[in-house]
Amino acid sequence: MTKVLTFLGIESSCDDTAAAVVRHGPAGAEVLASVVAGQVALHAPFGGVVPEIAARAHAEKLDGCVEEALAQSGLGLSDLDGIAVTAGPGLIGGVMSGVMCARGIAAGSGLPLVGVNHLAGHALTPRLTDGLAFPYLMLLVSGGHCQFLIARGPESFQRLGGTIDDAPGEAFDKTAKLLGLPQPGGPVVEAEAKNGNPKAFPFPRPLLDRPGCDMSFSGLKTALLRARDAEVAAHGGLYRQTRADMCASFQQAVADVLAEKTRRALKTYLEDVPPEPALAVAGGVAANQTIRAKLESLCAEMAVRFTAPPLKLCTDNAAMIAYAGIERFRAGTATAADLVPRPRWPLDATAPTMLGSGKKGAKA
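Calculation rules
- Counting from 1, residues in each chain are numbered in the order their sequence is written.
- Reporting of local features is limited, given that this is a predicted model, to residues whose pLDDT is at least 70; pairs of side-chain atoms are given and counted only at 80 or more, and all residues count toward the totals for whole chains, interfaces and linings.
- Side-chain descriptors were evaluated using all non-hydrogen atoms of the structure, hydrogens and water having been removed beforehand.
- Axis definition: a line fitted to C-alpha atoms, over the contacting stretch in the case of helices. Angles run 0 to 180 degrees between N-to-C directions.
- Think of it this way: any DSSP run of H or I at least four residues long counts as a helix, any run of E at least two long counts as a strand, and we number them from the N terminus.
- When an angle is under 35 degrees it counts as roughly parallel; over 145 it counts as roughly antiparallel; between 65 and 115 it counts as roughly perpendicular; any other value is oblique.
- Take the far helix as the reference: if the near one is turned anticlockwise from it by less than a right angle, the crossing is left-handed, and if turned clockwise, right-handed.
- Contact between two residues is taken to exist if any of their heavy atoms lie within 4.5 Å; hydrogens are not considered.
- Polar here means any residue outside two lists: the nonpolar Ala, Val, Leu, Ile, Met, Phe, Trp, Tyr, Cys and Pro, and the charged Asp, Glu, Lys and Arg; Gly therefore counts as polar.
- pLDDT gives the predictor's per-residue confidence on a scale running from 0 to 100.
- When a residue's accessible area, from a 1.4 Å probe over protein chains only, is under 20% of the maximum for its type it is buried; when over 50% it is exposed; and in between it is partly exposed.
- The rule for pairing is simple: two strands pair if DSSP sees at least two bridges between them.
- One speaks of a salt bridge when a side-chain nitrogen belonging to Lys or Arg is within 4 Å of a carboxyl oxygen belonging to Asp or Glu.
- Geometry of aromatic contacts follows a simple scheme: Phe, Tyr and Trp rings, the Trp one being its six-membered ring, pair when their centres are within 6.5 Å, and the pair is stacked under 30 degrees between planes, edge-to-face over 60, tilted otherwise.
- For a Lys NZ or an Arg CZ to count as sitting over a ring, it must be within 6 Å of the ring centre and within 35 degrees of the ring normal.
- Grouping buried Ala, Val, Leu, Ile, Met, Phe, Trp, Tyr and Cys residues that are joined through side-chain atoms within 4.5 Å yields what is termed a nonpolar core.

1. Some words on the packing of helix H7 (residues 218-235) against helix H8 (residues 240-270)
Here's step 1: Packing of H7 against H8 leaves a shortest axis separation of 11 Å and a crossing angle of 160°. Compared by their axis directions, H7 and H8 come out roughly antiparallel. Crossing of H7 over H8 shows right-handed handedness. Between H7, through Leu220, Leu224, Ala227, Arg228 and Glu231, and H8, the contact on the second element is made entirely by Thr242, Met246, Phe250, Ala253 and Val254.
Here's step 2: Taken together, the residues of the contact of H7 with H8 break down into 7 nonpolar, 1 polar and 2 charged.

Laid out in structure tokens, this is it:
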């Protein structure tokens, strides 16, 4: 790895339109520019992401995001070595918007184009931010995905387990909706939980009685719904303190499940005796301080390095796509077939398909 490569990245798999410029060489990686245009205001009236609205917004914003990213980096297309774009998994309309935009730029500039798996972007982010060495254990925990992956190389991922229904971030969003709180639900529920008692409601810890690293959060959400209905029936409404207690109890249940499943995943990962054992966490839910604190304590207990990228690189962004594209380009494994937009694209093709699909796409 002697040549310095500079890539433009494009991301549009859900409700964030993003473009970024990343440079990578012997000294490491550098994010020269990162632009993210959110769509929260567009989807707020509907209580969730509307795929058709998201796709239309991507088509309208992509070229502007690319222009802004290039302007921030001080580079032109002639200064780039390639383009990377998310080709899946995700909402197919949004993925198609990004791929078509990238194809047009590549055709006009003559630059090579690399299709990137959105999950690989998240999984390789610790290498972008911390230069983490393979192999490391990755916990991807977000609004649309939740799975444990042993990252052995840029193209080699072993899935140890994941959610069979709702992702944690999705469960947080639904909890907020059930309790009359605004979206996005993750930070709002966390803020409410600070004033609540995490032991007030004995919510279940799904699948802890079964071996393995698979998770389930749909039943936890249903338990909260029933507790809310019982409180409303008994008291004619939901008191503010009761709502805070529910948020704290729900958050604690999620944290307990993630911590125990992470312990199991770490035990499997450590069986390979990695020279520099590390757990990396990415995804919007990684910003939750209660969850993060439990995972950090677990890593300290098991003598494993804990790392989590900055929040702006934990949530959907194009810098991770640009970097993953550079890794694929260096490896020489990118093919034309990778540029076919797809709603599903498992990182570990040998693992059995996960059951269920959430509002932001299939889990694997």
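2. Concerning the confidence of the model for the protein chain
Here's step 1: Within the protein chain, residue pLDDT values average 91, and 96% of them lie at 70 or more.
Here's step 2: Predicted confidence is poor over residues 357-364, with pLDDT under 50, and the contacts of this stretch with residues over four places away or in other chains come to 29 contacts.

3. Section: the pairing of strand S7 (residues 146-153)
Here's step 1: With 7 of 8 residues buried, S7 is to be regarded as a mostly interior element.
Here's step 2: Looking at chain direction, strand S6 (residues 136-141) and S7 are connected through 6 bridges and run antiparallel. The residue of S7 that forms the bridge with Val141 is Cys146.
Here's step 3: In this antiparallel pair of consecutive strands, S6 and S7, the connection spans 4 residues.
Here's step 4: With 6 bridges joining them, S7 and strand S8 (residues 156-162) adopt antiparallel strand pairing. When the sheet's bridge partners are listed, Ala151 is paired in S8 with Phe157.
Here's step 5: Following S7, the chain reverses through 2 residues before pairing antiparallel with S8.

4. Re helix H5 (residues 168-178)
Here's step 1: Counting buried residues in H5 gives 8 out of 11 residues, a clear majority hidden from the surface.
Here's step 2: Of the positions making up H5, those classed as buried are Pro168, Gly169, Glu170, Ala171, Phe172, Asp173, Thr175 and Ala176.
Here's step 3: Downstream of H5 by one or two residues, Gly180 has phi in the positive range, about 75°.

5. Observations concerning the pattern of salt bridges
Any two side chains of opposite charge can pair, given that their charged atoms come close.
Here's step 1: On inspection of all chains with the given rule, the structure shows 15 salt bridges.
Here's step 2: A salt bridge links Arg205 to Asp256; the shortest N-O distance between them is 2.8 Å. Separated by 51 residues along the polypeptide, Arg205 in the loop between helix H6 (185-193) and H7 and Asp256 in helix H8 bring together distant segments of the chain.

6. Some details on the packing of helix H4 (residues 118-130) against helix H11 (residues 319-331)
Here's step 1: Between H4 and H11, whose axes approach to 8 Å, the crossing angle comes to 85°. What the angle tells us is that H4 and H11 run roughly perpendicular. Residue-level inspection shows His118, Gly121, His122, Leu124, Thr125, Arg127 and Leu128 of H4 in contact with H11, the latter providing Ala319, Met320, Ile321, Tyr323, Ala324 and Glu327.
Here's step 2: Looking at the contact of H4 with H11 residue by residue, the classes come out as 7 nonpolar, 4 polar and 2 charged.

7. Some words on the packing of aromatic side chains
Here's step 1: The full count for this structure, using the stated rule, is 4 aromatic pairs.
Here's step 2: A centroid spacing of 5.1 Å and a plane angle of 85° characterise the contact between Phe172 and Phe250, whose relative ring orientation is edge-to-face. With Phe172 in helix H5 and Phe250 in helix H8, this residue pair connects regions lying 78 residues apart in the sequence. When sorted by exposure, Phe172 lands in the same class as Phe250, which is buried.
Here's step 3: Above the ring of Trp345, the side-chain terminus of Arg342 is found at 4.0 Å from the ring centroid.

8. Regarding the nonpolar core
Here's step 1: Among the nonpolar cores identified, the biggest contains 81 residues, and Tyr136, Leu137, Phe203, Phe250 and Leu279 are the most heavily contacted of them.
Here's step 2: With near-sequence residues (within four places) excluded, Phe250 lies in contact with Ala171, Phe172, Thr175, Val189, Phe203, Leu220 and Leu224.
Here's step 3: Of all hydrophobic cores here, the second largest spans 27 residues; its members include Leu62, Leu80, Val99 and Ala106.

9. A look at the sheet that holds S6
Here's step 1: Here we have 5 strands laid out as an open sheet, ordered S8-S7-S6-S9-S10, and mixed in their pairing. If you trace the sheet from one side to the other, it starts and ends with S8 and strand S10 (305-307), each paired once. Adjacent strand axes in the sheet meet at a mean angle of 20° when their direction is disregarded.
Here's step 2: As defined by bridge partners, strand S9 (residues 278-282) adjoins S10 across 3 bridges and the pair is classed as parallel. Note that in S10 the partner of Ala280 across the bridge is Thr307.

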